[in-house]
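Listed below are the residues making up each chain.
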Amino acid sequence: MPTRATGLLYGLGFGGFVDGIVLHQILQWHHMVSDVDGWAPTTLAGLEINTLADGFFHVATWVLAFAGTVTAVVSWRRGRLAPNWSFHLGLVLVGWGLFNLVEGLVDHQILGIHHVRDDLGGPLVWDLGFLASGVLLIAVGWLLHRRGAAPLAGRADASRPGPHGRDR
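Scope of this entry: the structure provided in the associated data block.

Our focus in this paragraph is the overall build of the protein. A tally of regular secondary structure across the protein gives 4 helices and 0 strands. By the compact-globule yardstick of 15 Å for 168 residues, the protein is too spread out, its C-alpha radius of gyration being 20 Å. Seen along its three principal axes, the alpha-carbon backbone of the protein occupies a region of about 70 × 30 × 25 Å. Burial statistics for the protein: of 168 residues in total, 39% are counted as buried.

Turning our attention to the packing of aromatic side chains. The tally for this structure, following the rule as stated, stands at 5 aromatic pairs. Arranged with centres 6.1 Å apart and planes meeting at 45°, the rings of Phe-57 and Phe-99 form a pair that is tilted. Placement of the pair is Phe-57 in helix H2 (residues 44-77) and Phe-99 in helix H3 (residues 85-110), with a sequence separation of 42 residues. In this pair, the class of Phe-57 matches that of Phe-99, namely buried. Considering the side-chain rings of Trp-62 and Phe-66, the 5.3 Å spacing of their centres and the 5° angle between planes classify their relative orientation as stacked. Separated by 4 residues within a single helix, Trp-62 and Phe-66 lie in helix H2, roughly one turn from each other.

Notably, Gln-28 is not glycine yet its phi reads approximately 55°, a positive angle. Tracing the chain through its elements places Gln-28 in the loop between helix H1 (5-26) and H2. Taking the relative accessible area as the measure of exposure, Gln-28 reaches 53% and is therefore exposed.

With respect to the element layout, His-114 can be found in the loop between H3 and helix H4 (124-159). Residue His-114 is classed as buried on the basis of its relative accessible area, which comes to 0%. If near-sequence neighbours (up to four positions away) are discounted, His-114 is found in contact with His-30, His-31, Met-32, Ser-34, Asp-35, Glu-103, Asp-107 and His-108.

Core analysis: the biggest nonpolar cluster contains 10 residues, these being Leu-23, Trp-29, Met-32, Val-33, Ala-53, Phe-57, Phe-99, Ile-113, Val-116 and Phe-130. Excluding anything up to four places from it in sequence, Phe-130 contacts Asp-19, Leu-23, Phe-99, Asn-100, Glu-103, Gly-104, His-108 and Val-116.

Relative to each other, H1 and H2 sit at 155°, their axes nearing to 8 Å. Of the possible angle classes, the one that applies to H1 and H2 is roughly antiparallel. The two elements H1 and H2 meet at a crossing, and its hand is left-handed. When the residues that make up the contact of H1 with H2 are grouped by side-chain class, the tally is 13 nonpolar, 11 polar and 2 charged.

On the surface, a nonpolar cluster with roughly 540 Å² of combined accessible area is contributed by Val-59, Trp-62, Val-63, Phe-66, Val-70 and Val-74. By the element assignment, Val-74 lies in helix H2. When its relative accessible area of 35% is taken as the criterion, Val-74 is described as partly exposed.

What counts as what
Each chain has its residues counted from 1, running along the sequence as written. Only residues with pLDDT of 70 or above have their local features reported here, since the model is predicted, and side-chain atom pairs are shown and tallied only from 80 upward, although totals for entire chains, interfaces and linings are computed over all residues. In computing side-chain values, all of the structure's heavy atoms are included and hydrogens and water are not. A run of DSSP states H or I qualifies as a helix once it reaches four residues; a run of E qualifies as a strand once it reaches two. Both are numbered from the N-terminal end. As defined in this context, the radius of gyration uses C-alpha atoms, and a globule is described by 2.2 Å times the residue total to the power 0.38. Accessibility here uses a 1.4 Å probe with only protein chains present; expressed as a share of the type maximum, an area under 20% marks a residue as buried, one over 50% as exposed, and anything in between as partly exposed. Between 30 and 60 degrees the pair is tilted, below 30 it is stacked and above 60 it is edge-to-face, where a pair is any two Phe, Tyr or Trp rings, Trp via its six-membered ring, whose centres lie within 6.5 Å. Should any heavy atoms of two residues lie within 4.5 Å, those residues are considered in contact. Side-chain atoms within 4.5 Å link the members of a nonpolar core, which is a set of buried Ala, Val, Leu, Ile, Met, Phe, Trp, Tyr and Cys residues. All axes are obtained by fitting lines to C-alpha atoms, using only the stretch in contact for helices, and the reported angles, taken between N-to-C directions, cover 0 to 180 degrees. Throughout this description, any angle smaller than 35 degrees is read as roughly parallel, any larger than 145 degrees as roughly antiparallel, any in the 65 to 115 degree range as roughly perpendicular, and the remainder as oblique. The handedness criterion is simple: a crossing whose near helix is rotated anticlockwise from the far helix by less than a right angle is left-handed, and one whose near helix is rotated clockwise is right-handed. Put simply, Ala, Val, Leu, Ile, Met, Phe, Trp, Tyr, Cys and Pro go in the nonpolar bin, Asp, Glu, Lys and Arg in the charged bin, and everything else, Gly too, in the polar bin. The patch calculation keeps residues exceeding 30% relative accessible area without a salt bridge and links them within 9 Å when they carry like charges or within 5 Å when they are nonpolar (Val, Leu, Ile, Met, Phe, Trp, Tyr). To measure how exposed things are, a 1.4 Å probe is used in the Shrake-Rupley method; for residues, cover is taken only from the protein chains shown. Any Lys or Arg side-chain nitrogen located within 4 Å of an Asp or Glu carboxyl oxygen qualifies as a salt bridge.

This is how it looks when you write it as structure tokens:
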């Protein structure tokens, strides 16, 4: 059976890339610490602090994606089966959903360092939508992953030697 870590790590990393690139940079709805007193990106100093924080955030998401690559190579070198598309993409969606849930709960709700739409004053409905997207990505991803895991389980069982080193 292929490792699940690869898809989950890619999903966490790519989910962070989508958040950082689309919401922080392209749409500019928020930055990493845009709702922290004194660090609002409405001044040059505040924008510099937020740009730096966004950069560290991007480094973290890059490390997660790179760790996914490392786990894939290590797994394949050990002779584990390569995943099929459904198995792998399902886990990528699960990882992305986990990113949305954790980031949404920690940064938006618990720490309150930013919200999905700080440009609108951080209305709660956007934060709740972000959390709901995490739940939806996890549910769809898990169903897709399970669909891809079933045929791989049969291949893994068939490749294991039986008792006394004989094939089953």
